[in-house]
Amino acid sequence: MGHTGLVLTGGGARAAYQVGALRAVSEIVRPGQLPFDILVGISAGAINAVALSTGAENFQDAAQRLTATWAALTPDRIFRTGALRLASIGSRWIRDLSAGGLVGKSGINYLLDSAPLRDLIAKEIPLGRMRRHLRAGRLRGVAVSATNYHTGAGVTFFEGAADIEPWTRSTRIGIRERITLDHVMASAAIPVFFPPVAIDGTFFGDGCVRMAYPMSPAVHLGADRIVAVSVRHLRSPNETAEREVQEKAAEMPLSEIAGVLLNAVFLDSVDSDLERLERLNRTLSLVPREKLEKLDVRPIPALVLRPTQDLGKLAADEYVRFPRMLRYLLKGIGAAGHAGEDLLSYLAFEPTYVRRVMELGYDDAMARRDEIADFFGDPPRKQLARA
């Protein structure tokens, strides 16, 4: 069947949806090692992708471990939630913005201290196991993408087979480099919320900012087919039209603007890239096979799993569960309950929300059980049990 790529993009706490969907896939396909030998992660998806890579010998066990890790999440395991720390960061922002540099700049460029997330990844994801699987041939390649804040380029750091060549495009490049904790943290550094990460003297942030074609790293690594898990609910044209008529307001809080901006960064790229890939596939289907071989191009089938519900709306009632000081700061920009629900969904690392989103991912994937089994060329597991 060639090489299969898994593409996981970002979305903060919304990435719990990927975990539920992957657990369902692990129960649908044939038991054994990962059915993906190319793993590509961006933002929070980079954490999930690298975590899976460390358990490549057994997909089912790897999916269960990832599920258990997410199920145990609380905000204080992702960012510092103490009132003193949050107040300190807030006061530094106020000083920089109000004093105009007259009393010296604090150098603050983030709202939340993500040191606990760094500790969690270091504890839960043994990167040495990923490299053993690469050397053993269970994996062809692993890649994480981040945004270079100095050049504005999307940079994909990859490890993998010797025949994989680095690449350069107008706004994105691929670099063979040993993937470390810094690369994973940089990929998941949500702009403004989490601090940029320095790698070799250059600051990097969330990979979704500049990765307009999230499936492209998988293609560069040699994928012959791709599975992607989106965290965007795809509305029907009628739903979109109804929202345009119904959504009216007397004022526009900053939280709503921030939510729209984050959605633009995190949610749209997979679907636009899928449209591009499907258009190319249709074009290539019209070209005779012998000419395709001479051109060294090929159609690449893709399967995209996505939410059947709006993950932002599921976060509307999570505000009351946020740490008190964080609620205070978020309320200052208008984020409280249904106001700013999209913004809240990126930070809602609350057990209730994470569990609901994982369950939705599992149920949505199970509803497409036959389609998933067919894509992998496997009969459904129930049929295997009877054989």
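It should be noted that the structure appears before, not after, this text.
Quick notes on the rules
Residues numbered from 1 in each chain as written. Predicted model: local features only at pLDDT ≥ 70, side-chain atom pairs only at ≥ 80, totals over all residues. Heavy atoms only, no water. Helix = DSSP H or I, 4+ residues; strand = E, 2+ residues; numbered from the N terminus. Contact = heavy atoms within 4.5 Å. Areas by Shrake-Rupley, 256 points an atom, 1.4 Å probe, with all protein chains shown as cover. Phe/Tyr/Trp six-rings, centres within 6.5 Å; stacked < 30°, edge-to-face > 60°. Buried < 20%, exposed > 50% of the residue type's maximum accessible area, 1.4 Å probe, protein only. Lys NZ or Arg CZ within 6 Å of the ring centre and 35° of its normal. Pairing = 2+ DSSP bridges. Axes fitted to C-alpha atoms, helices over the stretch in contact; angles between N-to-C directions. Parallel < 35°, antiparallel > 145°, perpendicular 65-115°, else oblique. Left-handed = near helix turned anticlockwise from the far one by under 90°. Nonpolar A, V, L, I, M, F, W, Y, C, P; charged D, E, K, R; others polar. Expected span 1.5 Å × (residues − 1). Polar contact = N/O pair within 3.5 Å; in protein donor to acceptor, adjacent residues only side chain to side chain. Salt bridge = Lys/Arg side-chain N within 4 Å of Asp/Glu carboxyl O.

Peer 1: So what's going on with the overall build of the protein chain? Residues and values would help.
Peer 2: If you tally the helices and strands in the protein chain, you get 18 helices and 10 strands. The long-range fraction of contacts in the protein chain, counting pairs at least 24 apart against all pairs at least 6 apart in sequence, stands at 75%. As displayed, the protein chain has an accessible area near 17,900 Å², and 53% of this comes from carbon and sulfur atoms.

Peer 1: A description of the packing of aromatic side chains should follow, citing residues and the corresponding values.
Peer 2: Summed over all chains, the structure comprises seven aromatic pairs. Here the aromatic rings of Phe 36 and Phe 376 are separated by 5.8 Å at their centres, their planes lie at 70 degrees, and the arrangement is edge-to-face. Placement of Phe 36 in the loop between helix H1 (16–28) and strand S2 (38–42) and of Phe 376 in helix H17 (residues 369–376) is noted, with a sequence separation of 340 residues between them. Across the pair, exposure class does not vary: Phe 36 and Phe 376 are buried alike. For the ring pair Trp 70 and Phe 349, a centre distance of 6.4 Å and an interplane angle of 35 degrees mean the geometry is tilted. Of the two residues, Trp 70 sits in helix H3 (residues 59–71) while Phe 349 sits in the loop between helix H15 (341–347) and helix H16 (351–367), which places them 279 residues apart along the sequence. A residue is classified by how much of its surface remains accessible, and Trp 70, at 7% relative accessible area, is buried. Judged by its relative accessible area of 6%, Phe 349 falls in the buried class. Through successive ring pairs, a cluster of aromatic residues spans Phe 36, Phe 59, Phe 375 and Phe 376. It is Arg 14 that lies over the ring of Tyr 346; its NZ or CZ is 4.8 Å from the centre.

Peer 1: Quick rundown of the pairing of strand S9 (residues 225–229)? Include the residues and the values.
Peer 2: Along S9, five of the five residues are buried, which leaves the element largely enclosed by surrounding structure. Of the two faces of S9, the one holding Arg 225, Val 227 and Val 229 and the one holding Ile 226 and Ala 228 are both buried throughout. Here strand S1 (residues 4–8) pairs with S9 via five bridges, running parallel. Across the sheet, Leu 6 pairs through a bridge with Val 227, a residue of S9. Pairing of S9 with strand S10 (residues 302–305), which is carried by four bridges, proceeds in the parallel orientation. Each residue of the ladder has a partner; that of Val 227, found in S10, is Leu 303.

Peer 1: How would you summarise the packing of H1 against H17 if you had to cite specific residues and measurements?
Peer 2: Remark: H1 packs on H17, axes separated minimally by 10 Å, with the N-to-C direction vectors making an angle of 65 degrees. Comparing the axis directions of H1 and H17 gives the class roughly perpendicular. As for the relative orientation of H1 and H17, their crossing is right-handed in sense. Contacts between H1 and H17 pair Val 25, Glu 27 and Ile 28 from the former with Arg 369, Ile 372, Ala 373 and Phe 376 from the latter. Classifying every residue of the contact of H1 with H17 gives five nonpolar, no polar and two charged.

Peer 1: Quick one: what's the story with unusual backbone geometry, residue by residue and with numbers?
Peer 2: Despite not being glycine, Ser 43 has its phi angle at roughly 60 degrees, a positive value. For Ser 43, the location among the structural elements is in the loop between S2 and helix H2 (44–53). Residue Ser 43 is classed as buried on the basis of its relative accessible area of 1%.

Peer 1: Can you break down H2 residue by residue, with the values?
Peer 2: With 10 of 10 residues buried, H2 lies mostly within the body of the structure. Turning to H2, its buried residues number three or more, namely Ala 44, Gly 45, Ala 46, Ile 47, Asn 48, Ala 49, Val 50, Ala 51, Leu 52 and Ser 53.

Peer 1: Tell me about H3, and please be specific about residues and values.
Peer 2: If you check H3, its first and last C-alpha atoms are 18 Å apart, about what 13 residues at 1.5 Å a residue would give, namely 18 Å. By the burial criterion, the buried members of H3 are Phe 59, Gln 60, Ala 62, Ala 63, Leu 66, Thr 67, Thr 69 and Trp 70. Of the residues flanking the start of H3, the one acting as N-cap is Asn 58, its side-chain oxygen 3.2 Å from the backbone nitrogen of Gln 60.

Peer 1: Could you give me a rundown of the side chain of Ser 230, with the residues and numbers involved?
Peer 2: Within the secondary structure layout, Ser 230 lies in the loop between S9 and helix H9 (237–246). Residue class for Ser 230 comes out buried when judged on its relative accessible area of 2%. There is a polar contact of 3.1 Å between the side chain of Ser 230 and the backbone nitrogen of Arg 232. Sequence-distant contacts of Ser 230, defined by excluding residues within four places in its chain, comprise Tyr 17, Val 270, Asp 271, Val 304, Leu 305, Arg 306 and Pro 307.

Peer 1: I'd like a description of the side chain of Ser 187, backed by residues and values.
Peer 2: Tracing the backbone through its elements, the reader meets Ser 187 in helix H7 (residues 181–187). Taking relative accessible area as the criterion, Ser 187 reaches 0% and is therefore assigned buried. Within polar-contact distance, the side chain of Ser 187 engages the backbone oxygen of Ser 145 at 2.5 Å. Dropping the residues within four chain positions of it, Ser 187 is found in contact with Gly 41, Ile 42, Ser 43, Ala 46, Ser 145, Ala 146, Gly 205, Asp 206 and Gly 207.

Peer 1: Account for the pattern of salt bridges, naming residues and giving values.
Peer 2: The full count for this structure, using the stated rule, is 12 salt bridges. Ionic pairing is found between Asp 271 and Arg 232, a salt bridge with its closest N-O pair at 3.2 Å. One end of the pair, Asp 271, is in helix H11 (residues 269–284); the other, Arg 232, is in the loop between S9 and H9, with 39 residues separating them in the sequence. Among the residues examined, Arg 232 registers a relative accessible area of 26% and is labelled partly exposed. Asp 273 serves as the salt-bridge partner of Arg 276, at 3.1 Å between the closest nitrogen and oxygen. Note that Arg 276 and Asp 273 are positioned in helix H11 at a spacing of three residues, about one turn of the helix. On the basis of relative accessible area, Arg 276 is assigned to the partly exposed category, the value being 29%. Among the charged side chains, a network of salt bridges with common partners joins Arg 80, Arg 85 and Asp 113.

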